[in-house]
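Examination of the molecular architecture
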Amino acid sequence: NNNAVIENAEPTDFAQFLVVTDPLNYSCGGAVPVTISGLNVSTTGGTTEMTNACFTFPAELAYAPGSFSFNAPSGFTATNLVESTLPDGSMKICFDLPDGIDPQEFFAVVVELTPDASVGCQELLFDALVRSRIEDQPCATAPSGMCDVFVNNSINQKVVLNIVSPVEVADMDMVVQC
């Protein structure tokens, strides 16, 4: 159940991440370094603890294996970095976030993506799931009566990349000789 809230696992009590990309517009026809940032916008003081993030890029947005780098917080090295190709051709990248990302603080990673030239200029979406694990919560379905619970820390689980023409004319003045 996507709307279930488990005792001690109310999402609003935890870090809440708004995930965005930079730059906002990408040109068709080549690899692009994309910065993906997650800003903790929690209004209840929620901070990261035992938190990981997973980005799933569709096949139309090819991820260059090994291109992942962690930029912020500075000095942090991502642990448990896993790059997996899914059966539909999409690529899933998961990694741990550092504990202690407080409200109004952020994380940032860079990946290299190549929009498929056959999709043309349009918006492409990728999934961004940030979640925290809470250990040993009461659980009726586990033989021990305890299990780990995952809390969704994502405000937006779909992130837009706007693929645009490599040339754009924003304004033009023309002089026609008669």
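This text goes with the structure placed above it.
Figured I'd write up the structure that's included with this text. From a predicted model like this one, the values you see are computed outputs, not experimental measurements.

**A few points about the nonpolar core**
By size, the foremost hydrophobic cluster in this structure holds 31 residues, and its most contacted members are Ile36, Phe55, Phe57, Phe68, Phe95, Phe107 and Phe126. Those elements giving two or more residues to this core turn out to be strand E1 (17–22), strand E3 (32–40), strand E4 (51–57), strand E5 (61–63), strand E8 (91–96), strand E9 (106–115), strand E10 (123–138) and strand E12 (158–164). Contact partners of Phe57, with chain neighbours within four places excluded, come to Ile36, Tyr63, Ser90, Met91, Ile93, Val111, Leu113 and Phe126. By size, the runner-up hydrophobic cluster in this structure holds five residues, among which are Ala9, Ile134, Val149 and Val151.

**Remarks on the pattern of salt bridges**
Following the criterion strictly, the structure yields three salt bridges and no others. Between Arg133 and Glu135 there is a salt bridge, with the nearest N and O atoms lying 3.1 Å from each other. Residue Arg133 is classed as partly exposed on the basis of its relative accessible area, which comes to 33%. On the accessibility criterion, Glu135 (39% relative accessible area) is partly exposed. One salt bridge connects Arg133 with Asp148, and the closest N-O pair in it is separated by 3.6 Å. Within this pair, whereas Arg133 is found in strand E10, its partner Asp148 is found in strand E11 (residues 146–152), the two being separated by 15 residues in sequence. Taking the relative accessible area as the measure of exposure, Asp148 reaches 36% and is therefore partly exposed.

Conventions adopted
Residues numbered from 1 in each chain as written. Predicted model: local features only at pLDDT ≥ 70, side-chain atom pairs only at ≥ 80, totals over all residues. Heavy atoms only, no water. Core = buried A, V, L, I, M, F, W, Y, C linked by side-chain atoms within 4.5 Å. Buried < 20%, exposed > 50% of the residue type's maximum accessible area, 1.4 Å probe, protein only. Helix = DSSP H or I, 4+ residues; strand = E, 2+ residues; numbered from the N terminus. Contact = heavy atoms within 4.5 Å. Salt bridge = Lys/Arg side-chain N within 4 Å of Asp/Glu carboxyl O.

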